[in-house]
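Examination of the molecular architecture
Here is how the chains run, residue by residue.
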Amino acid sequence: MKYLALIALFFLVACNQAKETKIDEDQLGFIDADLHSDETNFKMKANFNEDKPEVGITIERSFENAPPMIPHTTAGFFPIKMDNNICLSCHMPDKVEESGAREISKTHFQTWRPQLVLKDGVYSNPKEDDKVYVKDVKDLNMAYFNCSQCHAPQADVTIDIENLFTVEFREKFGIKESNLKDNIGDGVDN
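In what follows, the accompanying structure is described.

What counts, and at which threshold
Residues numbered from 1 in each chain as written. Predicted model: local features only at pLDDT ≥ 70, side-chain atom pairs only at ≥ 80, totals over all residues. Heavy atoms only, no water. Helix = DSSP H or I, 4+ residues; strand = E, 2+ residues; numbered from the N terminus. Buried < 20%, exposed > 50% of the residue type's maximum accessible area, 1.4 Å probe, protein only. Contact = heavy atoms within 4.5 Å. Areas by Shrake-Rupley, 256 points an atom, 1.4 Å probe, with all protein chains shown as cover. Salt bridge = Lys/Arg side-chain N within 4 Å of Asp/Glu carboxyl O. Patch = residues over 30% accessible without salt bridge, like charges linked within 9 Å, V, L, I, M, F, W, Y side chains within 5 Å.

So, about the overall build of the chain. Regarding its fold elements, the chain presents four helices and six strands. Order of helices (α) and strands (β) in the chain, N terminus to C terminus: α-β-α-α-β-β-β-β-β-α. Within the chain, the fraction of its 190 residues that count as buried is 18%. Of all intrachain contacts in the chain linking residues separated by at least 6 positions in sequence, the fraction that spans at least 24 positions is 62%. Total accessible area on the chain stands at roughly 15900 Å², and carbon and sulfur atoms take up 55% of it.

The next thing to look at is the pattern of salt bridges. Counted under the stated rule, the structure contains one salt bridge. The salt bridge involving K106 is made with E103; its shortest N-O contact spans 2.6 Å. Judged by its relative accessible area of 45%, K106 falls in the partly exposed class. The partly exposed category is assigned to E103, whose relative accessible area is 32%.

Together, F63, F165 and V167 make up an exposed nonpolar region whose accessible area comes to about 290 Å². Its location among the elements puts F63 in the loop between β1 (47–48) and α2 (88–91). For F63, a relative accessible area of 43% translates into the label partly exposed.

Turning next to unusual backbone geometry. Cis rather than trans, the peptide bond between F78 and P79 has omega equal to 0°. Counting through the fold element by element, P79 comes out in the loop between β1 and α2. Backbone geometry places N65, a non-glycine residue, at a positive phi of 65°. Relative to the helices and strands, N65 is located in the loop between β1 and α2. The backbone phi angle of D120 is positive, close to 55°, even though this residue is not glycine. Along the polypeptide, D120 turns up in the loop between β3 (117–119) and β4 (122–124).

Next up, the structure:
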């Protein structure tokens with residue numbers, strides 16, 4: 001009887017809550033502007049790179065260890081699926097010499113998941129003090145199968161919004177290459 005009274009009280013309070021107010025779509029975003037105005041919209045449509053692989057010019061990375069952008073056309077590449085990924089036909093380590101493509105990052109052949117141990121029906125981490133679980137794996141870590149999740153096709157577009165971001169790289173080569181494999185644990189206490 002006591003629980004029935006609590007349940008009734010819960011429903012009574014829940015039903016008397018104020019209705020949610022609708023948020024105006026035009027107020028969403030980072031800029032204080034009318035999102036449907038001709039003054040706000042881009043003056044031109046993005047012109048995506050239509051170069052064939054091996055011909056495109058690569059745009060430098062925006063920040064240290066940023067995923068490189070795709071410097072060639074991606075027409076016909078999508079959808080990318082686990083069992084159908086055209087990117088792998090050129091970018092896998094055993095294909096780059098023949099294709100001339102950039103090799104997939106070594107980080108894509110690593111896993112950061114702990115190797116759990118099953119003991120008495122309970123999974124546990126065998127090393128409770130470990131904070132980083134970097135382990136090299138032989139095959140591509142399929143958490144990375146969807147290349148376009150991080151790598152975007154390059155586009156030639158003019159945006160009339162000033163960018164105040166200043167790029168700082170710890171290493172001079174950082175603008176061209178990633179060193180994430182070597183410093184993945186930076187800032188992680190052991």
